[in-house]
Amino acid sequence: MKPSSFAPGAAIALVAALVGIVSLNQRRLPLHTLVELTGQPRPTPLAPRPSPASTAGGEISTPLASAPPMEREPEVPCVDLSPDCTAWQRGGECGFDPAYMHAHCAKSCGSCARADFDGARASAAATAAAATAAAAAAAAASVAGGGARCRDKAASCPLWAASGECDVNPGYMKLSCAKSCGSCDWADFSRRCRADPNATLAVPAGAIGELFRAIDAGALSRYKPRVVSRPPQPWAVVFDEFISAEHADEIVSVASSEEGRLFTPSQGTGGLDDDGQLIPTLSSYRTSSTRWCDGGCLNESAVRELRERVADATGVPDANHEYPQLLRYTQSQYYKEHSDYIPAHRDMPCGPRVYTFFVYMSDVEEGGNTSFPQLGLSVEPKKGRAVLWPSVLDAAPRDIDERTMHIANPVLSGIKYSVNFWIHQHDFKANHAIGCTG
Ligand SMILES: O=C(O)CCC(=O)C(=O)O
Ligand SMILES: [Fe+2]
């Protein structure tokens, strides 16, 4: 049996039956993953851990969600390493457990080198349909079986539950003390985090072209826009003066000064754990440092102003934006070629990342350009400058547009500060708060 990091064992058995698998080979977590991810903020975690009068300790914290960009190593061998890859792919595992699957089932998942990307796209629709079926099966199994993964993650859960914490502190308790709170359905990722297939898209088909054409025609001229890529290529625009130098300096100083909220090495992930949460790992694909702008940082006046500008410029409300991610690259640090699109988001309630709004917070003495190899585009970092590009296709704005894969070139001299805004089709912040963004 292939242990799944997403669906309960019973659900996997059911899915296996559905797709006609007789037996599944054992698969282990890979030591290295081909999917390098940025650990997402823990902005407003479900709630602080409860602090009842006495605690037995030994709790395992369940940090929330992550929003990783999908990255590809060009050297991925285009083979399946298990005879069961096709069946797992049909069961939706490429989406549920991308780290393992892309490493071991690159052929079936269509995640080989970029040359094979068309194959991935061709199978994407089938994969998505199978993933939906798998999620439904997992939910059914959870109800029928009382939730195979229903458990307490802290030794003190029964005590906390007895003292009323399930009601006082439901965000934390219902997930982490599901057994004691009797909230197994809620704790089940596939039930709690079901996407509404009829939800209105913030960026429907055609809206990307509309936005960029308006910018091209003079909208947002106060930010000094230059359209640098247009159809038949994907759109991209550089705003030479998106924020003032003072404003950028203020954000960098906020980011650097808050005690306990320092930049830390950017993280990737080893895949999804059994709650559908991304497991952070250190990354050699991305060597910058990162910090999330959550909590107090979000409400600093310069940050607030920037958030408002990004929402205003894109027409997508702040709720759909991930928490701003602040980046710092020192000499020779880089981020290899990747797409910001994360396949696993596609069927989550936040939907996929539609746009990246990337803002440079410092001038860089040398190096640090953001390059888009397939667009023949390279943007030089400059304090206050911003770049906006889509990660999805204008005609199919839930599907990746791999042509906007990009690289952060090594900084050769100086320090590069910048901010990522990743903008989703649906509400990100509310879904992140309940652990539904991956
Ligand atoms: O630093 C850059 O130029 C780009 C960073 C990037 O692509 C990312 O953080 O996803
Ligand atoms: Fe990126």
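Residues numbered from 1 in each chain as written. Chains lettered and ligands numbered in written order. Predicted model: local features only at pLDDT ≥ 70, side-chain atom pairs only at ≥ 80, totals over all residues. Heavy atoms only, no water.

S.K.: Explain the nonpolar core to me, please; I cannot follow it from the model alone.
M.R.: The nonpolar side chains of a soluble globular protein tend to be buried, and buried together. In this structure, Phe239, Phe242, Leu306, Tyr355, Phe357, Met361 and Leu388 are the most contacted members of the largest nonpolar core, which totals 41 residues. Every residue in contact with Phe239, bar those within four places of it in the chain, is listed here: Ile215, Leu220, Tyr223, Lys224, Pro225, Phe357, Gly384, Arg385, Ala386 and Leu388. Judged by nonpolar contacts, the second largest core, of 17 residues, contains Leu327, Tyr329, Val364 and Val379. (Core = buried A, V, L, I, M, F, W, Y, C linked by side-chain atoms within 4.5 Å. Buried < 20%, exposed > 50% of the residue type's maximum accessible area, 1.4 Å probe, protein only. Contact = heavy atoms within 4.5 Å.)

S.K.: I would appreciate a short explanation of the state of the cysteines in the present structure.
M.R.: The term disulfide refers to a covalent linkage connecting the sulfur atoms of a pair of cysteines. The tally for this structure, following the rule as stated, stands at five disulfides. What pairs with Cys157 in a disulfide is Cys177, and their sulfur atoms sit 2.0 Å apart. A torsion of -65 degrees about the S-S bond marks the disulfide between Cys157 and Cys177 as left-handed. Pair noted here: Cys157 is in helix α7 (residues 157–162) and Cys177 is in the loop between α9 (170–176) and α10 (178–181), with a separation of 20 residues, a long-range link. Overall, the relative accessible area of 0% leaves Cys157 in the buried class. Among the residues examined, Cys177 registers a relative accessible area of 0% and is labelled buried. Paired by a disulfide, Cys166 and Cys181 hold their sulfur atoms 2.0 Å apart. (Disulfide = S-S within 2.5 Å. Helix = DSSP H or I, 4+ residues; strand = E, 2+ residues; numbered from the N terminus.)

S.K.: Before we go on, may I ask you to explain the coordination of the iron ion (ligand 2) in this structure?
M.R.: The textbook angles at a metal center are 109.5 degrees for a tetrahedron of four donors and 90 or 180 degrees for an octahedron of six. Within the protein, the iron ion (ligand 2) binds to His338 (NE2), Asp340 (OD) and His406 (NE2); these donor distances fall in the range 2.1 Å. Residue Asp340 is classed as buried on the basis of its relative accessible area of 2%. (Donors = N, O, S within 2.8 Å, 3.2 Å for Na, K, Ca; no water.)

S.K.: Can you help me understand unusual backbone geometry in this one?
M.R.: Excluding glycine, residues mostly carry a negative phi; peptide bonds, for their part, are mostly trans. The amide bond that connects Pro231 to the next residue, Pro232, takes the cis arrangement and shows omega of 10 degrees. Mapped onto the elements of the fold, Pro232 is located in the loop between β2 (225–229) and β3 (236–239). A positive phi angle, close to 60 degrees, is found at Leu220, a residue other than glycine. The residue Leu220 is located in the loop between α13 (207–216) and β2 in this model. A positive phi angle, near 55 degrees, is found at Lys224, a position not held by glycine. Mapping Lys224 onto the fold places it in the loop between α13 and β2.

S.K.: Looking at this structure, I do not really get the environment of Val419. What am I missing?
M.R.: Structurally, Val419 can be placed in strand β17 (residues 416–424). Residue Val419 is classed as buried on the basis of its relative accessible area, which comes to 1%. Taking the C-alpha atoms as reference, Val419 lies 5.9 Å from Leu327; in sequence the two are 92 residues apart. Those residues within four positions of Val419 in sequence are excluded, and the remaining contacts are Pro324, Gln325, Leu326, Phe357, Phe358, Val359 and Met361.

S.K.: Help me understand the pattern of salt bridges in this model?
M.R.: Pairing is possible between side chains that carry opposite charge, provided their charged atoms lie close to one another. In this structure the tally under the stated criterion is 13 salt bridges. Between Lys429 and Asp318 there is a salt bridge, with its nearest N and O atoms 3.1 Å apart. Of the two residues, Lys429 is situated in helix α17 (residues 429–433) and Asp318 in the loop between α16 (301–314) and β8 (325–329); the sequence distance between them amounts to 111 residues. With relative accessibility at 14%, the residue Lys429 sits in the buried group. Given the relative accessible area of 21%, Asp318 is considered partly exposed. One salt bridge connects Arg398 with Asp347, and the closest N-O pair in it is separated by 3.7 Å. With Arg398 in the loop between β14 (386–390) and β15 (406–408) and Asp347 in the loop between β9 (335–339) and β10 (353–360), this pair connects stretches of sequence that are 51 residues apart. (Salt bridge = Lys/Arg side-chain N within 4 Å of Asp/Glu carboxyl O.)

S.K.: Quick question: what am I supposed to make of the site of ligand 1 here?
M.R.: Near ligand 1 there are 13 residues, and of these Tyr329, Thr370, His406, Lys416 and Asn420 occur at the shortest range. Contact distances for ligand 1 include 3.0 Å between an oxygen atom and a side-chain N or O atom of Arg286. Contact between ligand 1 and Lys416: an oxygen atom at 2.7 Å from a side-chain N or O atom of the residue. Compared with its free state, where it exposes 290 Å², ligand 1 has 100% of that area covered by protein. (Near = heavy atom within 4 Å. Polar contact = N/O pair within 3.5 Å; in protein donor to acceptor, adjacent residues only side chain to side chain. Areas by Shrake-Rupley, 256 points an atom, 1.4 Å probe, with all protein chains shown as cover.)

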